[in-house]
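If you want the building blocks of each chain, they are given just below.
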Amino acid sequence: MAKPLLFGRKEIARVYNIAPTAVSDRWVPAGILTYEDAAIVSGKPFWPGGLVVDVALPPGGKGRQLDEGLLEKVVEEQQATSHPKKKGELPPLVGTQEYGELFGVGEVAAAQAATRSTGMLPPADYVLSGSRLWLLDTVLDAADVTMQKSRKSTWQLRQDVADALRTGRYDGPGSFIAKRGVAAKKALRER
């Protein structure tokens, strides 16, 4: 299976030589990238690589200039073999929130298991913008080992969650971007 090129805010900032906050503060409001174009994994947006590359302006101008050398490094680091342009072309992705939900243990347990080197979880397929991401197939291929290494067999694969992730119907923890700051306070007051 081809491994897609993916970008979080920090990776976009790296190849465009901008601040990571510029993506959400300037690019998204201007419609250069949208959250609808991104796969939302563990509450964070991750954009298809081909889409991110396509928003570059022609070389030599002002504005969004893609650093081809840094792009090559990102492709090499990710060992990416495809450059999808739409989130529908991405395989199902799993972050720690989805991992916890898949095995009925919660995000904290999944994050702790990911940081320990016990072999309970497979190595992440990506580390983007500080987050570990796995392809769903990687997680499912390692599910037996994960369940065997869990204490008291507390980690049990939930097929309903796996099916929802595979078909794009997952709407559990991590499937949306949580409001932060002023927007979060306002949402709490409105409850």
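Residues numbered from 1 in each chain as written. Predicted model: local features only at pLDDT ≥ 70, side-chain atom pairs only at ≥ 80, totals over all residues. Heavy atoms only, no water.

**Structural notes on the pattern of salt bridges**
Okay, step 1: Tallying each qualifying case throughout the model produces five salt bridges.
Okay, step 2: The partner of Lys85 in a salt bridge is Asp54, and the shortest N-O contact between them spans 3.0 Å. Within this pair, whereas Lys85 is found in the loop between α4 (68–78) and β4 (93–94), its partner Asp54 is found in helix α3 (residues 49–54), the two being separated by 31 residues in sequence.
Okay, step 3: Residue class for Asp54 comes out partly exposed when judged on its relative accessible area of 46%. (Salt bridge = Lys/Arg side-chain N within 4 Å of Asp/Glu carboxyl O. Helix = DSSP H or I, 4+ residues; strand = E, 2+ residues; numbered from the N terminus. Buried < 20%, exposed > 50% of the residue type's maximum accessible area, 1.4 Å probe, protein only.)

**Side note on the nonpolar core**
Okay, step 1: Ranked by internal contacts, the top residues of the largest apolar core, which has 20 residues, are Val94, Tyr99, Leu102, Phe103, Leu121 and Trp155.
Okay, step 2: For this core, the elements supplying multiple residues, two or more each, are α5 (96–103), α6 (107–115), α7 (136–141), α8 (143–149) and α9 (159–167).
Okay, step 3: In terms of residue count, the dominant contributor to this core is α9 (four residues).
Okay, step 4: Apart from the residues within four sequence positions on either side, Trp155 is in contact with Tyr99, Phe103, Val105, Ala109, Ala110, Ala113, Met120, Leu121, Thr146, Met147 and Ser150.
Okay, step 5: Counting residues in hydrophobic clusters, the runner-up holds 19 residues, among them Trp27, Val55, Val74 and Ala80. (Core = buried A, V, L, I, M, F, W, Y, C linked by side-chain atoms within 4.5 Å. Contact = heavy atoms within 4.5 Å.)

**Here we look at the packing of aromatic side chains**
Okay, step 1: What the rule picks out here adds up to six aromatic pairs.
Okay, step 2: When the ring of Tyr16 is compared with that of Trp27, the centres are 5.0 Å apart and the planes differ by 75°; the resulting orientation is edge-to-face. One end of the pair, Tyr16, is in helix α1 (residues 9–16); the other, Trp27, is in helix α2 (residues 20–30), with eleven residues separating them in the sequence. The burial state of Tyr16 is the same as that of Trp27; both residues are buried.
Okay, step 3: The interplanar angle of 80° and the centroid separation of 4.8 Å between the aromatic rings of Tyr99 and Trp134 together place this pair among those described as edge-to-face. With a gap of 35 residues between them, Tyr99 in helix α5 and Trp134 in strand β6 (residues 131–135) connect regions that are remote in the sequence. Of the two residues, Tyr99 and Trp134, neither departs from the other in class, the shared state being buried.
Okay, step 4: Ring pairs connect the aromatic residues Tyr99, Phe103, Trp134 and Trp155, which therefore count as one cluster.
Okay, step 5: The ring centre of Tyr126 lies 4.6 Å from the NZ or CZ of Lys3, which sits over that ring. (Phe/Tyr/Trp six-rings, centres within 6.5 Å; stacked < 30°, edge-to-face > 60°. Lys NZ or Arg CZ within 6 Å of the ring centre and 35° of its normal.)

**Structural notes on unusual backbone geometry**
Okay, step 1: Within the chain, Asn17 stands out as a residue other than glycine whose phi angle is a positive 55°.
Okay, step 2: Tracing the backbone through its elements, the reader meets Asn17 in the loop between α1 and α2.
Okay, step 3: Owing to a relative accessible area of 71%, Asn17 belongs among the exposed residues under this scheme.
Okay, step 4: Of note in this structure, Ser129 is not a glycine but carries a positive phi near 50°.
Okay, step 5: Here Ser129 is to be found in the loop between β5 (126–128) and β6.

**Observations concerning the side chain of Ser129**
Okay, step 1: You can call Ser129 buried: its relative accessible area is 13%.
Okay, step 2: Setting aside chain neighbours within four positions, we find Ser129 in contact with Gly8, Arg9, Lys10, Glu11 and Lys44.

**A word on the sheet that holds strand β2 (residues 39–41)**
Hydrogen bonds along the backbone pair up the strands of a sheet, which may run parallel or antiparallel.
Okay, step 1: Read from one edge of the open sheet, three strands run β1-β3-β2, paired in antiparallel fashion. Every interior strand has two partners, whereas the edge strands, β1 (6–7) and β2, have only one.
Okay, step 2: Relative to strand β3 (residues 44–48), β2 runs antiparallel, the two being bridged by three bridges. By the bridge assignment, Ala39 is partnered in β3 with Phe46. (Pairing = 2+ DSSP bridges.)

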